Amino acid sequence: MRPVHVAGIGKTAFGVFASRTLKDLAVEAIDACVADAGRGRKQIEAVYLGNFDSPSFTSQNHVAPYVAGAAGLHGIPATRFEAACASGASALFHAVHAVVSGIYRDVLVCGVEKMTSQTTGRVAQILAGAGDAEFESSLGATFPAMFAMIARRHMYQYGTTREHLAAVAVKNHLNGSMNPQAHMKKVITIEQALAGRPVAEPLTIYDCSLVSDGAAALWISSDASPIRIASCEQASGAVALADKQDITRFEATRIAAARAYARAGVTAKDIDLVEVHDCFTIAELVAMEDLGFVGVGESGPWVASGATGLKGSLPVNTSGGLKAKGHPIGATGVAQICDLAMQMRGLAGDRQVERAKTALAQNLGGSGATSVVTILLKD
Amino acid sequence: MRQGTVYTETIIHSAPEQFAAEAPYQIAVVDLDGARLLVRIAGARVQIGDLVREIESQSGYPIFEVVS
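It should be emphasised that the depicted structure is a prediction, and the values quoted were computed from it without experimental measurement.

K.L.:
Quick question: what am I supposed to make of the overall build of chain A here?
P.N.:
When helices and strands are counted, chain A shows 13 helices and 11 strands. Considered along the principal axes of its C-alpha atoms, chain A spans approximately 55 × 45 × 35 Å. Within the span of chain A, comprising 379 residues, buried residues form 62% of the whole. Considering only contacts in chain A between residues 6 or more positions apart, those separated by 24 or more positions represent 79%.

Structure below.
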């Protein structure tokens, strides 16, 4: 098994970019990544692209060679990976395999989504396509509704409150306000979060991540560099919410985390900072429990205590998370690694945390049907 | 018709395009005898633990209402 290192990172800003195309967003991220790696792009042997649904968002299929060609990566294999909101990390998971096995030395992982040319109703419809078409989207269920039902059950079983959910939003908005590449740089208060327009009760607009355009890229290599991908593990769970035994936990995250910790030779206690998939505020709370940072049902009071703030014992989503940084779906899992690498290099500016040697990213697809957990170590 | 208990629920305000005219509407996951089903709720709003029963539906998906 060969080691895998992060040789380069590159990201576009996330936001609503009416004049930008899928292609030019991806090329900007790839160019930035190649420049960061400081090596010629001719050394890249394959492209792994995370993209959820360009066919629906922009009527563009066959996206991987479309993007690779535009970025001057000709002739090499270029393949698209789709795992709903975990598409980006799923592309990374498969790319890591190719490098670990020795098939390739240098691989480019890119994630991209161009979402904002569609209406909100159409976006909801496209996103609902990641659920069960026969039993969920057919009766008008949406993704916010799935996570709203998870929140309701978490509140019922463990006493989690609306204030606990709002604490996640307030923290991530504060972090995002210090991230020059974030979609939303607006600081909000608990009162504002609680008074937001309802989307799917008990979730308001402030509990939901953003619909964004954006791209991110990573150059991974078996050649030595300071940040090593110690493990990257993907696991699956039921697609339909009604097929899960306990909806207050994601089995896929628990399986991926157990494997990732074991392979990296670390435990939850060793992790210095985290980027998790806060597609909805409740998802960040559930992730804290699934990743083993707190016990079952304890995440609400823990997060509300400030433990996961920039100065807390475990900073979570210092980028602003999906909530404030934005969530261009296919880009998200790749961007999480870029954001952790920025912290590990000491380049996170006002958001810089003190300890950043061991970092973890978690990227979730659908209502937990795919989860990818990645652990980075600074040698 | 089937009968069960509400396991979880939500009221959807922001709906996909083709359901927008019906919003707000409630959906629920219902524990039936040995199975779990996502359904639409008709009539009065329900909460976790409420007893609900299926009513006739021409819509292609299951619809339940609270048993009062």
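K.L.:
Where do I start with the overall build of chain B in this structure?
P.N.:
Counting its secondary structure elements, chain B contains zero helices and five strands. Start at the N end of chain B and walk to the C end: the helices and strands fall as β-β-β-β-β. Radius of gyration (C-alpha) of chain B: 12 Å, near the 11 Å computed for a compact globule of 68 residues. Counting only C-alpha atoms and orienting by the principal axes, one finds that chain B spans roughly 35 × 25 × 20 Å. Counting only residues that meet the buried cut, chain B has 34% of its 68 residues in that class. Sequence-distant contacts in chain B: of pairs separated by 6 or more residues, those separated by 24 or more amount to 36%.

K.L.:
I'm lost on the interface of chain A and chain B in this one. Help?
P.N.:
Note on interface size: it is often stated as the accessible area lost on association of the parts. Taken together, the 26 residues of chain A in the interface contact 23 residues of chain B. Those elements giving two or more residues to the side of chain A that touches chain B turn out to be helix H5 (120–128), helix H6 (143–158) and strand S5 (198–200) of chain A. Top contributing element to the side of chain A that touches chain B by residue count: H6(A), with seven residues. For the side of chain A that touches chain B, the class distribution of residues is 16 nonpolar, five polar and five charged.

K.L.:
What is the right way to read the pairing of strand S4 (residues 51–55) of chain B from this model?
P.N.:
Sheet faces and side chains relate simply in a regular strand, where the side chains alternate between the two faces. Residues and elements named next belong to chain B. Summarising the sheet, strand S1 (residues 3–12) and S4 pair through three bridges and their orientation is antiparallel. Bridged to Gly-4 within S4 is Val-52. In this structure, S4 lies alongside strand S5 (residues 63–66), joined through four bridges in antiparallel fashion. Paired with Ile-55 across the strands is Ile-63, a residue of S5.

K.L.:
What is the right way to look at H6(A) in this model?
P.N.:
Residue and element names in this part refer to chain A. For H6, built from 16 residues, the straight-helix expectation of 22 Å at 1.5 Å per residue is met to within 8% by its first-to-last C-alpha distance of 22 Å. With 13 of 16 residues buried, H6 lies mostly within the body of the structure. Immediately beyond the C-terminal end of H6, within one or two residues, lies Gly-159, with a positive phi of roughly 80 degrees.

K.L.:
I would appreciate a short explanation of the packing of helix H1 (residues 22–37) of chain A against helix H3 (residues 63–70) of chain A in the present structure.
P.N.:
Packed helices, taken two at a time, are described by the angle their axes make and the gap between the axes. Residue and element names in this part refer to chain A. Where H1 contacts H3, the axes come no closer than 9 Å and their chain directions differ by 55 degrees. Classified by the interaxial angle, the pair formed by H1 and H3 is oblique. By crossing handedness, the relation of H1 to H3 is classed as right-handed. For the pair formed by H1 and H3, the contact residues are Lys-23, Ala-26 and Val-27 on the first element and Tyr-66, Val-67 and Ala-70 on the second. Residues belonging to the contact of H1 with H3 are distributed by class as follows: five nonpolar, no polar and one charged.

K.L.:
Sorry, what's going on with the packing of H6(A) against helix H10 (residues 281–290) of chain A here?
P.N.:
Residues and elements named next belong to chain A. Where H6 contacts H10, the two axes come as close as 9 Å, and the packing angle between them is 55 degrees. When the interaxial angle is binned, H6 and H10 end up oblique. Once H6 is placed against H10, the crossing between them reads as left-handed. Where H6 approaches H10, its residues Phe-147, Ile-150, Ala-151 and His-154 are matched on the opposing element by Ile-282, Ala-283, Leu-285 and Val-286. Here the residues of the contact of H6 with H10 sort into seven nonpolar, one polar and no charged.

K.L.:
What should I look at first to understand the environment of B:Gly49 in this one?
P.N.:
All names here are of chain B. Its place among the elements puts Gly-49 in the loop between strand S3 (36–41) and S4. The exposure class of Gly-49 is exposed, given the 9 C-beta atoms found within 10 Å. Sequence spacing of Gly-49 and Ile-63 is 14 residues, and the spatial spacing of their C-alpha atoms is 17 Å. When near neighbours in sequence (up to four residues on either side) are disregarded, Gly-49 contacts Thr-5 and Val-6.

K.L.:
I keep staring at the nonpolar core and nothing clicks. Help me out?
P.N.:
Nonpolar side chains in soluble globular proteins tend to be buried together. All names here are of chain A. Grouped together as the largest cluster of nonpolar side chains are 149 residues, with contacts concentrated most on Val-109, Cys-110, Leu-218 and Ile-220. Among the elements that line this core, the one with the most residues is helix H13 (residues 329–344), at 10 residues. Sequence-distant contacts of Leu-218, defined by excluding residues within four places in its chain, comprise Val-6, Ile-9, Cys-33, Leu-92, Val-109, Val-334, Ile-337 and Cys-338. One finds Phe-14, Met-184, Leu-210 and Ala-324 within the second-largest nonpolar core, a separate group that totals five residues.

The rules behind these values
- Residues numbered from 1 in each chain as written.
- Chains lettered and ligands numbered in written order.
- Predicted model: local features only at pLDDT ≥ 70, side-chain atom pairs only at ≥ 80, totals over all residues.
- Helix = DSSP H or I, 4+ residues; strand = E, 2+ residues; numbered from the N terminus.
- Buried ≥ 20, exposed ≤ 12 C-beta atoms within 10 Å, placed from the backbone.
- Contact = placed C-beta atoms within 7 Å.
- Rg over C-alpha atoms; globule rule 2.2 N^0.38 Å.
- Nonpolar A, V, L, I, M, F, W, Y, C, P; charged D, E, K, R; others polar.
- Pairing = 2+ DSSP bridges.
- Expected span 1.5 Å × (residues − 1).
- Axes fitted to C-alpha atoms, helices over the stretch in contact; angles between N-to-C directions.
- Parallel < 35°, antiparallel > 145°, perpendicular 65-115°, else oblique.
- Left-handed = near helix turned anticlockwise from the far one by under 90°.
- Core = buried A, V, L, I, M, F, W, Y, C linked by C-beta atoms within 7 Å.

Purely geometric stuff here, so don't read any function into it on its own.
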